[in-house]
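The residues making up each chain are set out below.
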Amino acid sequence: MTTSLRFLYRQLPGVIALALMVSVFFAVRLPSASRAEKDDLAKRYAFEPHSIALPGGYTQQSIRKVNKAYKHIDAWISSVGSAVAMNDLDGDGLPNDLCITDPRIDQVVVTPVPNAKGDRYKPFALSAGSLPMNDLMAPMGCVPGDFNEDGRMDLLVYMWGRTPIVHLARSDAKALDASAYQATELVPGVASGSRYIGPQWHSNAATVADFDGDGHADIFIANYFPHSPVLDPAADGGVSMNRSMSHAYNGGEDYLFRWTAGTGGARPTIAFQRHDDVLPKKVSKGWALAAASNDLDGDQLPELYVAHDFGPDRLLYNRSVPGRFQFSVVEGKRRPALVPKSKQVGTDSFKGMGVDFGDLNGDGLYDMFVSNITTSFGLEESHFAFVNAAKNQNVVRARLNAGESTWEDRSAPLGLAWSGWGWDAKIADFDNSGTPVVAQATGFIKGEVNRWPQLQELAASNDGVLEHPMWWPNVTAGDDIGGSQRLHFFVKGEDGRFVNLAHELGLAVPVPTRGIATGDADGDGRLDFAVARQWEDPVFYSNVSPSPGSHLNLRLIHAGQKHDGQKDADEPADGGMPAPGSPVVGAQVTATTADGRKVIGQVDGGSGHSGKRSHEIHLGLGETEGPVTVMLCWRDRTGQPREQHIQLTAGTHTLVLGTEATER
């Protein structure tokens, strides 16, 4: 045998292995869209960016002052707090008002959408009034809702360093400004005069829903850090970090608040009862960054999904009865199939930072999209596209009742598995085709010095050292971790896979984004959206898509009720601003088109990380003609479940829901 043949013979195992690797790579490689395919899909959408007006006169900051034990990771601690919500705050019938949490000034700003009606009022910051505030507190998010049931839109602000504040809309307000709201404590007894004496919560998520089925909207508050002096630069210690990268249960407690009373008028009031120990400690003590609520099995009790950093997310099946909350944990069932534990509902170890419900495959059942960290050569997990594999809601209910999930992660074959360091996500139909888009915020810390290697070392560290901040690598001003990652806009192609078109649509700005809020701000039948960006100006995208299909835009409000001898709740006080009406949070809609397609939606009470969609249900119908059959499911103010089928033409409708649905 010649020398060359002997050499080739010795290398044969390596050659065979290389050939196998190459063949397997091409066999399992996911298909990608061509430039022509992307351009063709992008023709359906168009957006115009607009600057959002913000009030001046506030001191600007670019990083937070933190506990001395956190000083070397102050950029990490400063990575959240930018939020945005869209809603109708002034009662003009359009969700053309924004509630923005801006960490640069640590204020919650109310401002009009920048469009033709953008001069209705000047942007302003909410005032805490006589409630105690200090530099050790910072707002993290804003959730619109009618918390005293007077037909006016209030604003729940959740915070770091204190318990939440509810800004109740006053009936005698004649213009939308800071004086139109009365700041009220959600948790009573946290103040002694001008001094705050309550617990130092660090809330990063909230969602509103009628969890106990009594006809009144309740509040879920999810906390991140344990109660501690995180933002106190004079303190040195008394704080901690996560006890594990995958099973950390030493975070802040989560809380459920049940509505018990509310009054309107010039001095509105609320009363919520806090229910402790509703959730198991390994659920309640996770490091929560997002939450979402929705009725997944059709019993008109909303389930709850809590997305956890550093540990398993939790899907909670609702077994509550009026006056008493009760939830049970749902988990994916292990099977012989090659599905890793971390890709199943309730048993994952990824870094959940955003969640939304929607129908990704058009089968009339709710699916879930969850954001995680997915950065190549950084931390490569995957997002979750949990697609409902059940045949109908009866199967969903039976499985949930048994503590089993009906959802399977299909993020990779759907093209939704990877994008970057994910945050808020919204499943919405922006061209009224009947097929939703997944819009997702990404990016972490923007700077000049790449700190991914240090983060990789941290992720591989022993769990015994993670809890102690001193062992964490430096992440401070000037450091960068995914700082140039961009907003993603995933559109479904003809092959059923989603393709990111953010670049083609001019949305791919290299700035870390956090919250996404959607709503039809100008009433033209096309969903617009606003984006909160961390340590940067927020931006509003007006939808100017060229040929949208038909749509239903439904405002579902409770039938008016009396408050202390006042007028009906949805009527304005003399000389006051009009009231938009009290949204029937959690109401479900199924629209069936003439060709048999089913499109579903709910009145969302605040799902996600830090972006909150408006209360309207916006359904794309495609090229359907004629009236649409709509099934409405809701609970009236007595807690009685209601169901009604009606015929509606395409367009915008306001329906008043009492014992039956009537159009206004």
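Reading guide: rules and limits
Residues numbered from 1 in each chain as written. Predicted model: local features only at pLDDT ≥ 70, side-chain atom pairs only at ≥ 80, totals over all residues. Heavy atoms only, no water. UniProt positions renumbered as here; feature names shortened; annotations may be inferred. Helix = DSSP H or I, 4+ residues; strand = E, 2+ residues; numbered from the N terminus. Buried < 20%, exposed > 50% of the residue type's maximum accessible area, 1.4 Å probe, protein only. Polar contact = N/O pair within 3.5 Å; in protein donor to acceptor, adjacent residues only side chain to side chain. Contact = heavy atoms within 4.5 Å. Disulfide = S-S within 2.5 Å. Phe/Tyr/Trp six-rings, centres within 6.5 Å; stacked < 30°, edge-to-face > 60°. Salt bridge = Lys/Arg side-chain N within 4 Å of Asp/Glu carboxyl O. Arc of directions from axis to C-beta. Domains from an automatic or database assignment. Pairing = 2+ DSSP bridges. Core = buried A, V, L, I, M, F, W, Y, C linked by side-chain atoms within 4.5 Å. Patch = residues over 30% accessible without salt bridge, like charges linked within 9 Å, V, L, I, M, F, W, Y side chains within 5 Å. Areas by Shrake-Rupley, 256 points an atom, 1.4 Å probe, with all protein chains shown as cover. Lys, Arg positive; Asp, Glu negative; His and termini not counted. Charge placed at Lys NZ, Arg CZ, Asp CG, Glu CD.

Looking at an unreviewed UniProt entry, one finds the chain named CRTAC1 family protein, with Actinomadura livida as its source organism.

Regarding the UniProt feature "domain: ASPIC/UnbV" (unreviewed entry) in the chain
Here the UniProt-annotated "domain: ASPIC/UnbV" (unreviewed entry) positions come out as residues 585-640. Within residues 585-640, the helical portion is 0% and the strand portion 46%, while the C-alpha atoms at the span's ends are 14 Å from each other.

A look at the side chain of Gln 485
Structurally, Gln 485 can be placed in the loop between strand 27 (479-480) and strand 28 (488-492). When its relative accessible area of 13% is taken as the criterion, Gln 485 is described as buried. At 3.0 Å, the side chain of Gln 485 and the side chain of Thr 375 are in polar contact. Setting aside its immediate chain neighbours within four residues, Gln 485 contacts Thr 375, Gly 420, Trp 421, Thr 442, Gly 443, Trp 452, Val 509, Pro 510, Val 511 and Pro 512.

A look at the state of the cysteines
What we call a disulfide is simply a covalent bond connecting the sulfur atoms of a pair of cysteines. Tallied over the full model, the rule gives 1 disulfide. Between Cys 99 and Cys 142 runs a disulfide, and the two sulfur atoms are separated by 2.1 Å. Across the S-S bond linking Cys 99 and Cys 142, the dihedral sits near 100 degrees, which makes this disulfide right-handed. In this pair, Cys 99 sits in strand 3 (residues 97-102) while Cys 142 sits in strand 6 (residues 138-145), placing the two residues 43 residues apart along the sequence. In this structure Cys 99 comes out as buried when scored by relative accessible area, which is 1%. Judged by its relative accessible area of 2%, Cys 142 is buried.

Focus: the packing of aromatic side chains
What the rule picks out here adds up to 25 aromatic pairs. Relative to Trp 472, the ring of Trp 76 lies with its centre 5.2 Å away and its plane at 85 degrees, an arrangement referred to as edge-to-face. Residue Trp 76 is found in helix 3 (residues 74-77), and its partner Trp 472 is found in the loop between helix 8 (463-466) and strand 27; the two are separated by 396 residues along the sequence. We classify Trp 472 as buried; its relative accessible area is 3%. Between Trp 201 and Phe 257, the aromatic rings sit 6.3 Å apart at their centres with planes inclined by 50 degrees, giving tilted as the arrangement. One end of the pair, Trp 201, is in the loop between strand 11 (195-196) and strand 12 (203-209); the other, Phe 257, is in strand 14 (residues 255-263), and 56 residues separate them in sequence. Here Phe 257 falls in the buried class, since its relative accessible area comes to 1%. Every member of this aromatic cluster is reached through a ring pair, and the members are Tyr 45, Phe 47, Phe 430, Phe 489, Phe 529 and Tyr 541.

What about the pattern of salt bridges?
If you walk through the whole model with that rule in mind, you get 32 salt bridges. Linking Asp 172 and Arg 170 is a salt bridge whose minimum nitrogen-to-oxygen distance equals 3.0 Å. Look at Asp 172 and you get partly exposed, because its relative accessible area is 31%. One salt bridge in this structure joins Glu 381 and Lys 351, with 2.8 Å as the shortest N-O distance. A residue pair is termed long-range when its members are at least 10 positions apart, and Glu 381 in the loop between strand 21 (367-371) and strand 22 (384-388) and Lys 351 in the loop between strand 19 (327-330) and strand 20 (354-358) qualify at 30 residues. Overlapping salt bridges bring together Asp 90, Asp 92, Asp 97, Lys 117 and Arg 120 as one network.

Digging into helix 7 (residues 452-459)
If you check which residues of helix 7 are buried, you get Trp 452, Leu 455 and Leu 458. The arc that holds the buried residues of helix 7, viewed along the axis, is 115 degrees, so those residues lie on one side. Each element contacted by the buried residues of helix 7 is listed here: helix 3, strand 26 (449-450), helix 8 and strand 27.

A few points about the domain arrangement of the chain
Parsing the chain into structural domains produces domain 1 (3-30), domain 2 (41-543) and domain 3 (550-663). The centre of domain 1, based on its C-alpha atoms, is set 48 Å off from the matching centre of domain 2.

Let's talk about the sheet that holds strand 36 (residues 611-612)
The strand order across the open sheet built from 5 strands is 5-4-3-2-36, with neighbouring strands paired in mixed fashion. Among the strands making up the open sheet, the edge pair consists of strand 5 (124-125) and strand 36. Looking at chain direction, strand 3 and strand 4 (residues 107-112) are connected through 6 bridges and run antiparallel. Each residue of the ladder has a partner; that of Cys 99, found in strand 4, is Val 110.

As for the nonpolar core
Across soluble globular proteins, nonpolar side chains show a tendency to be buried alongside one another. Of all hydrophobic cores here, the largest spans 103 residues; its most connected members are Trp 76, Trp 421 and Phe 489. With 23 residues, the next largest nonpolar core counts Val 345, Tyr 366, Phe 386 and Leu 400 among its residues.

As for the pairing of strand 24 (residues 422-428)
When you tally the buried positions in strand 24, you get 7 out of 7 residues, the bulk of the element. Examined bridge by bridge, strand 24 and strand 25 (residues 437-442) share 5 bridges and lie antiparallel to one another. Opposite Lys 426, over in strand 25, you have Ala 439 as the bridge partner.

A look at a negative patch on the surface
A cluster of acidic residues, Glu 37, Asp 40, Glu 494 and Asp 495, forms a negative patch on the protein surface. Along the chain, Asp 495 turns up in the loop between strand 28 and strand 29 (498-500). Exposure remark for Asp 495: the relative accessible area of 57% places this residue in the exposed category.

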